[in-house]
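Coordinates in review
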Amino acid sequence: MNKDFKIVEVSENEFIVYKKYIDKKTIGYLWWEKTINIDSWERITKKGERLSFNNYIFQIQTYDLIEYTNIEEARKFIKDVNKYPKKHTI
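Reference entry: report on the structure contained in this document. (Residues numbered from 1 in each chain as written. Predicted model: local features only at pLDDT ≥ 70, side-chain atom pairs only at ≥ 80, totals over all residues. Heavy atoms only, no water.)

What about the overall build of the protein?
Scanning the protein from terminus to terminus reveals 1 helix and 5 strands. Going through the 90 residues of the protein one by one, you find that 23% of them count as buried. A separation of at least 24 residues holds for 39% of the contacts in the protein among residues at least 6 apart in sequence. Within the structure as shown, the protein displays about 7,600 Å² of accessible surface, and the carbon and sulfur contribution to it stands at 51%. (Helix = DSSP H or I, 4+ residues; strand = E, 2+ residues; numbered from the N terminus. Buried < 20%, exposed > 50% of the residue type's maximum accessible area, 1.4 Å probe, protein only. Contact = heavy atoms within 4.5 Å. Areas by Shrake-Rupley, 256 points an atom, 1.4 Å probe, with all protein chains shown as cover.)

Some thoughts on the sheet that holds strand β2 (residues 14-26)
The 3 strands are arranged β1-β2-β3 in an open sheet whose pairing can be described as antiparallel. One side of each edge strand has no neighbouring strand; the edge strands of this open sheet are β1 (5-11) and β3 (35-43). Taking each pair of neighbouring strands and ignoring which way they run, the sheet shows an average axis angle of 30°. Sheet topology note: the β1/β2 ladder contains 6 bridges and is antiparallel. Looking at the pairing, Val-8 lines up with Ile-16 of β2. Each of β1 and β2 is contacted by helix α1 (residues 71-80), which is oriented at about 155° to β1, the strand it contacts most. (Pairing = 2+ DSSP bridges. Axes fitted to C-alpha atoms, helices over the stretch in contact; angles between N-to-C directions.)

Concerning the pairing of β2
Residues in a regular strand project their side chains so that they alternate between the two faces of the sheet. With antiparallel pairing between neighbouring strands as the criterion, β1 and β2 make up a hairpin whose turn holds 2 residues. In this structure, β2 lies alongside β3, joined through 9 bridges in antiparallel fashion. Across the sheet, Lys-20 pairs through a bridge with Trp-41, a residue of β3.

Side note on the packing of aromatic side chains
A complete count under the given rule lists 1 aromatic pair for this structure. Each ring, one from Tyr-68 and one from Phe-77, has its centre 5.7 Å from the other, and the planes form 35°; the classification is tilted. There is no split in this pair, since Tyr-68 and Phe-77 are both buried. Its end group placed over the ring of Tyr-18, Lys-6 keeps NZ or CZ at 6.0 Å from the ring centre. (Phe/Tyr/Trp six-rings, centres within 6.5 Å; stacked < 30°, edge-to-face > 60°. Lys NZ or Arg CZ within 6 Å of the ring centre and 35° of its normal.)

Below, the structure is given as structure tokens:
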């Protein structure tokens, strides 16, 4: 199982997939000395994208959020998240 993902069971038949993101933040004038990593778990859309950006301002499309009915479906999503979108040439 991938350590960058986690599955949270919120009710009996509802599972949600979260992904770990590491953001770097610089503090002060000497940014190479004062860089810290901020770890956060964020819910991802059916396209595998994070919901937030730019200081956590949410841009949520509710039809992009998925709740899985069993844990096998959530694990299959994690396994297949990097497969799509596929680009084909004509």
